[in-house]
Structure formats: structure tokens, C-alpha cells
Amino acid sequence: MLVGVIAGAHGVRGEVRIRSFTADPADVAAYGPVSDESGARRFAVRIRSAVRGQVIARLDGVADRNAAESLKGLRLYVPRDTLPRLGKDEWYLADLIGLRAEDTAGKPLGRVKAVHNFGAGDVLEIEGAGGATQFLSFTRRAVPEVDIAGGRIVIEPPVEVEAKGEAANEADDASGRRT
Amino acid sequence: MARSVWKGPFVDGYLLKKAEKSRSSGRNEIIKIWSRRSTILPQFVGLTFGVYNGHKFLPVLVTENMVGHKFGEFAPTRVFQGHSAADKSAKRAEA
């Protein structure tokens with residue numbers, strides 16, 4: 001699982017700047033040693049400080065600026081099983097994104113493109129075959145089944161009803177605008 | 001300046017009627033609304049509204065701690081497309 005990328009060197013003592021992709025930037029070091037994509041190179045990470053949305057860290061085996069600069073752009077991964085186990089009805093976004101969305105009859109409706117949270121609960125963004133997206137509340141009623149192993153979710157899109165006032169309807173007719 | 005308390009919260013009247021109708025129907029409904037200015041009332045708790053953000057209707061599942069806020073606060077009109085956090089999780093709500 002991708003947890004960060006090395007943005008560049010910091011100072012002359014071999015420290016690096018890491019752009020962290022974890023919820024708390026400092027957690028890039030919380031899941032044990034990180035490795036490159038192939039797993040051939042592994043580094044223990046010690047966080048020194050944070051600056052401009054990035055973390056300054058020291059990697060084991062990197063002792064000078066030249067070595068740190070040579071790592072620029074390196075993507076840092078941790079094994080999926082090092083992340084803490086989640087509770088019931090809770091999944092990592094990385095596991096949800098990309099799942100096939102099907103209706104209750106098994107008809108494909110698209111793929112999970114993203115999971116948002118705008119303050120009113122988690123919302124799945126489902127991308128259809130034509131590229132059009134629809135948003136769906138991540139509730140037991142709208143998403144009765146999540147099958148990570150099978151790579152799919154079953155969705156039951158809610159019935160859409162419109163609420164418009166009389167004044168809004170009249171304004172609509174006149175100018176195409178809604179309130 | 002904050003709204004005077006004696007006026008009470010502002011809400012477009014038709015939302016109340018629609019919410020009542022939706023609740024009594026018992027169906028899995030999303031009420032599409034354009035009224036981002038309306039205050040969320042206790043009567044709306046448990047219902048899902050599709051709040052227009054100028055482009056799409058974003059689902060807003062109303063919970064108790066959202067009462068008193070405006071619908072528009074939960075449907076941002078500008079979406080930041082960043083890298084999603086690797087260790088972030090989503091919890092499926094009961095409703």
C-alpha cells in the first residue's frame with residue numbers, strides 16, 4: 001500500500017522530505033519499515049519534523065545528501081497487513097476504490113471511483129461505463145453488500161424525488177433557474 | 001451578524017412537507033433539493049437529501065449533530081481532487 005513518496009533531500013546529513021499519503025502525515029513511519037515498489041529496498045523511517053505539509057525523515061542507510069537526492073521520486077510502500085484491523089462495516093478506502101458496482105440483480109453499474117466525506121457521512125462516487133458519475137451514501141440500505149474478496153459491491157440506488165417550491169417552479173418556467 | 005433568534009431558523013416551507021411525505025412513505029428515497037440556504041431541522045434527521053452543488057446532487061444523510069447547520073455546508077461547490085489517504089477508512093452507516 002502506497003504511503004508516501006520522497007519529494008527530495010533536506011539538508012546535508014542525508015535527511016529526506018516525504019510527501020505523506022497517510023491521514024496523519026507522521027503515520028508514514030507508524031507501520032514499520034517502508035519499501036520500494038518491488039520490495040527490494042527497505043528503509044526504517046525516523047520522523048524528525050514536519051514542514052509545508054511534508055515530513056522530514058531520516059532513512060536507515062542514507063547518510064549524506066547525495067544518497068538522499070538519489071532517492072527523489074521513490075514511492076514508499078508498506079505491506080497491506082501492517083495496517084490495523086478495522087471494525088465491523090468499516091473498510092480502507094484503498095480497498096473500496098476500484099470495486100465493481102452491481103445492482104441486486106447482478107447488472108453492472110460501474111466502478112467505485114472515489115470515496116468522499118463532506119461532513120455528512122461517507123459518499124461513494126460510482127463511475128458508469130460512459131464516464132458519468134453518480135454519488136451514493138455509504139449506508140447499509142444503499143450498499144447492502146461489500147465483497148472485497150469478490151471485488152464487488154451491491155448497490156440499491158434510492159428513489160429520487162424532487163422538492164421544489166411553487167415560487168421555484170414559476171421561476172424555472174420563466175428563466176430556467178432554480179432556487 | 002447572526003440571524004435574530006426571535007425569527008427562528010429559516011427553512012423553505014416545501015422542504016418540511018416533502019420530508020414529512022418521504023418519512024411516511026418508508027421507501028429508500030433521496031430528496032433532491034436546490035435549497036442550500038435552508039437550515040437543517042430535527043424533523044429531517046434520518047432522511048437523505050440530494051443537495052445541489054451547481055453540478056450534481058450530493059447525498060447528505062442528516063444526523064442529529066447536523067441540526068442547525070445549512071444544507072449547503074455539506075455539499076461543497078468546489079471539489080479538491082487530491083491523493084486519498086492510504087490508511088483512511090470509510091464506515092458504512094446504519095440508515
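Keep in mind that this is a model prediction, so the values were computed, not measured.

### Regarding the interface of chain A and chain B
So, point 1. Taken together, the contact pairs 49 residues of chain A with 37 residues of chain B.
So, point 2. Between chain A and chain B, a total of about 4,100 Å² is buried, with carbon and sulfur atoms accounting for 57% of that surface.
So, point 3. Where chain A touches chain B, the interface holds two salt bridges.
So, point 4. Between Glu160(A) and Lys32(B) there is a salt bridge; the shortest N-O distance is 3.4 Å.
So, point 5. Joining chain A to chain B, the criterion identifies 18 residue pairs in polar contact (both at pLDDT 80 or more).
So, point 6. Secondary structure elements with two or more residues in the side of chain A that touches chain B: β1 (2–10), β8 (90–92), α2 (93–96), β11 (122–127), β12 (133–137), β13 (145–147) and β15 (159–163) of chain A.
So, point 7. The leading source of residues in the side of chain A that touches chain B is β15(A), at five residues.

### Focus: the pattern of salt bridges
So, point 1. All told, the structure shown has 16 salt bridges over all chains when counted by the stated rule.
So, point 2. Salt-bridge contacts for Lys113(A) lead to Glu125(A); the nearest nitrogen and oxygen are separated by 3.9 Å. Within this pair, whereas Lys113(A) is found in strand β10 (residues 108–117), its partner Glu125(A) is found in strand β11, the two being separated by twelve residues in sequence.
So, point 3. Between Glu29(B) and Arg27(B) there is a salt bridge, with its nearest N and O atoms 2.5 Å apart.

### Quick look at the domain arrangement of chain A
It is common to give the size of an interface as the accessible area that goes away when the parts come together.
So, point 1. Each assigned domain of chain A is listed here: domain 1 (2–81) and domain 2 (93–155).
So, point 2. The straight-line distance from the C-alpha centre of domain 1 of chain A to that of domain 2 of chain A is 32 Å.

### Some points on the sheet that holds β12(A)
Remark on secondary structure: sheet strands pair via backbone hydrogen bonds, oriented parallel or antiparallel.
Residues and elements named next belong to chain A.
So, point 1. Spatially, the six strands line up as an open sheet ordered β12-β11-β10-β9-β14-β13, and their pairing is mixed. For this open sheet the edge positions go to β12 and β13, each flanked by a neighbour on one side alone. When the angles between neighbouring strand axes are averaged without regard to direction, this sheet yields 30°.
So, point 2. Across three bridges, strand β9 (residues 100–102) lies against β10 in antiparallel orientation. Paired with Ala-101 across the bridge in β10 is Gly-110.

Analysis parameters
- Residues numbered from 1 in each chain as written.
- Chains lettered and ligands numbered in written order.
- Predicted model: local features only at pLDDT ≥ 70, side-chain atom pairs only at ≥ 80, totals over all residues.
- Heavy atoms only, no water.
- Contact = heavy atoms within 4.5 Å.
- Buried area = accessible area lost by both parts, 1.4 Å probe.
- Salt bridge = Lys/Arg side-chain N within 4 Å of Asp/Glu carboxyl O.
- Polar contact = N/O pair within 3.5 Å; in protein donor to acceptor, adjacent residues only side chain to side chain.
- Helix = DSSP H or I, 4+ residues; strand = E, 2+ residues; numbered from the N terminus.
- Domains from an automatic or database assignment.
- Pairing = 2+ DSSP bridges.
- Axes fitted to C-alpha atoms, helices over the stretch in contact; angles between N-to-C directions.

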